[in-house]
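# Overview (structure and organization)
Here's the letter readout for the chains.
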Amino acid sequence: MAALDSLSLFTSLGLSEQKARETLKNSALSAQLREAATQAQQTLGSTIDKATGILLYGLASRLRDTRRLSFLVSYIASKKIHTEPQLSAALEYVRSHPLDPIDTVDFERECGVGVIVTPEQIEEAVEAAINRHRPQLLVERYHFNMGLLMGEARAVLKWADGKMIKNEVDMQVAKARLEETDRRTAKDVVENGETADQTLSLMEQLRGEALKFHKPGENYKTPGYVVTPHTMNLLKQHLEITGGQVRTRFPPEPNGILHIGHAKAINFNFGYAKANNGICFLRFDDTNPEKEEAKFFTAICDMVAWLGYTPYKVTYASDYFDQLYAWAVELIRRGLAYVCHQRGEELKGHNTLPSPWRDRPMEESLLLFEAMRKGKFSEGEATLRMKLVMEDGKMDPVAYRVKYTPHHRTGDKWCIYPTYDYTHCLCDSIEHITHSLCTKEFQARRSSYFWLCNALDVYCPVQWEYGRLNLHYAVVSKRKILQLVATGAVRDWDDPRLFTLTALRRRGFPPEAINNFCARVGVTVAQTTMEPHLLEACVRDVLNDTAPRAMAVLESLRVIITNFPAAKSLDIQVPNFPADETKGFHQVPFAPIVFIERTDFKEEPEPGFKRLAWGQPVGLRHTGYVIELQHVVKGPSGCVESLEVTCRRADAGEKPKAFIHWVSQPLMCEVRLYERLFQHKNPEDPTEVPGGFLSDLNLASLHVVDAALVDCSVALAKPFDKFQFERLGYFSVDPDSHQGKLVFNRTVTLKEDPGKV
């Protein structure tokens, strides 16, 4: 019971279950860690967050003089010591000062207690280091020693958190490489006298020899590809079936909604096939019926189509369950798989001991595997394991496990289901995939990929890895998004503050912008974590050319034109795209009563204010008229309720300093203004957000304007229609809209600060 309590305690401190079990095997370390945790809890009076827990483990595992335990725990619990560099300095200090008492003033100075390193300081230090090595960095690119940059930044900021420095280095280096790519492309355009986008299109990056991938049928030329006596004959048969065609696949698990990282995978897989006149399958890896839901299948298909891609064929791993089972039987017959009865906990981790059932007779495993199929074992009581050791040290990965959950397509036919490690490469083989494109974390499974195909003497595709795409200020895991929904922080998977593809669509991000962003990031091998503003820049580039203009007022102020020049309202022709009037016009009414933004008027303006004020007329956009203040109407509380103005033709006097937007006879709409959902760049990083990602929520991430006024040109807009509200930003019609009440989501602000003078 004590061991179970200690295990629970250690995992609550942030240790993995495997690490906690290893710690329990060391009685001295276990006792010291328990004592450290107990003292910390007494100091805190509450539970220990994981960032503090990891520091306590570091203290317990490295402290030799146990007399100093209480002293150092008090500093960690009070967060006076809160980073690994501080802990290392503290341990060194007590080691070099063995005699009592400790001079706390000297100790705190030597350990950086009270020193605050801001994200801005880290950003500046990293930027300075990059600038010193920029030429070398841009020439050597992915061969450049990134440790040099981190070392120089750390030398300047001794007490900065190492992970924060690394994240900042990764982000700034990626940005520097993107800027250099843009600069070189722009230079080529100027020198060649051609017009082209500054960034190579995705098709150009993926076409032909650009990636140095193997040609179909030449798999054996790939470094690390395993050649067997059957390889060349299998490749010959493969070419007869495919005709030398490039074949890729996008293989999502239907247990969640696709996010921005999947957009890169979709673009890479579908894009590589398209760029090389090939085909791409959309294959659902539906091997875990417990987590799969029909809505996820539909949403994934919708998002692939939304990004502009059409699968050659939609397939399912379950299409091949019969063949996969037959191959599993063949593996057993060849002595390469066995039925094992170790439980899940015993199978976890790396460098585990061999299973006691590894060498059981082949005939016995065949009978037991058939018994698994017939439902004679409970869940977790038996698995089928393959006899191999993977690159990461994982031994004998599981090929089949028992699950008594009906499958969405096969119903109750099966009670055993294949794992990813077993299914993935064999489905690729069945579909004669030429290039199996995976994210970098699957590199450790490459050996099992080749081993399994060759063990069964079937066609073996080539697995290629590329870096994942992540964004700062984002959480994309299914489990954490479900927590956000459950706590009411967001409405659902498509809440516009999230970075799921359905959320980005709802917010108004055009698919072209997401594809352009993936092209700007490039087909990198290294994992890339980008700033959201780089994605937003791609959104603006597309919407600037595609979103017609309209006028909207969010915080309205009523303006009465006392000398309106007509007996009734005038019809004003407004260009849909002022920079290109060939794209047409729309008509809006201009009446004696108009509404302007409350911020566009000030009774007592500060220096530099150029909009409406006493003695300072302002132009009304598109009307050809200038208004001048005559009277301010205030309510009982002294708040300005309306303005009375006179108007004149713009060409009848001095040009005003500014022209403002306005509405007349408007529609009343709801407008939702979104900001970042999280306050920190890395909300899941316990060193940056010790309280966990839910503690990092930006409570001002959504502001709803219930009574926004929008010109009547948008009256017939449909969900997902997009507009630029002049001087405010880009907006998209939300599906919550209904007859009589349009709802708009702000997609992005304009490049210019909408509040500037």
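Please read these numbers as outputs of a predicted model, since none were measured by experiment. (Residues numbered from 1 in each chain as written. Predicted model: local features only at pLDDT ≥ 70, side-chain atom pairs only at ≥ 80, totals over all residues. Heavy atoms only, no water.)

## Side note on unusual backbone geometry
You will see that Lys79, though not glycine, has its phi angle at about 65°, which is positive. With respect to the element layout, Lys79 can be found in the loop between α5 (69-77) and α6 (84-96). Note on Lys79: relative accessible area 36%, which makes it partly exposed. Of note in this structure, Tyr473 is not a glycine but carries a positive phi near 60°. Inspection of the secondary structure assignment puts Tyr473 in the loop between β10 (469-471) and α20 (478-486). For Tyr473, a relative accessible area of 12% puts it in the buried group. (Helix = DSSP H or I, 4+ residues; strand = E, 2+ residues; numbered from the N terminus. Buried < 20%, exposed > 50% of the residue type's maximum accessible area, 1.4 Å probe, protein only.)

## As for the pairing of strand β1 (residues 247-250)
Residues Arg247 and Arg249 of β1 are buried on one face, and the alternating residues Thr248 and Phe250, pointing to the opposite face, are buried as well. In terms of strand pairing, β1 meets strand β2 (residues 279-284) through 4 bridges, oriented parallel. Within β2, the position partnered with Thr248 by the bridge is Cys280. For the segment spanning β1, helix α13 (residues 260-275) and β2, crossover handedness is right-handed. (Pairing = 2+ DSSP bridges. Right-handed = clockwise from strand over helix to strand, strands pointing away.)

## So, the sheet that holds strand β5 (residues 383-386)
In spatial order, the strands read β4-β5-β6-β7; together these 4 strands make up an open sheet with antiparallel pairing. Strands at the two margins of the open sheet, each flanked by one partner only, are β4 (337-340) and β7 (416-418). This sheet shows a mean twist of 20° between the axes of neighbouring strands, independent of strand direction. With 3 bridges joining them, β5 and strand β6 (residues 398-402) adopt antiparallel strand pairing. Within β6, the residue paired with Arg385 across the bridge is Val398. Strands in contact with helix α17 (residues 362-373) are β4, β5, β6 and β7; relative to β4, the strand with the most contacts, it is inclined by about 60°. Strands in contact with helix α18 (residues 420-430) are β5, β6 and β7; relative to β7, the strand with the most contacts, it is inclined by about 60°. (Axes fitted to C-alpha atoms, helices over the stretch in contact; angles between N-to-C directions. Contact = heavy atoms within 4.5 Å.)

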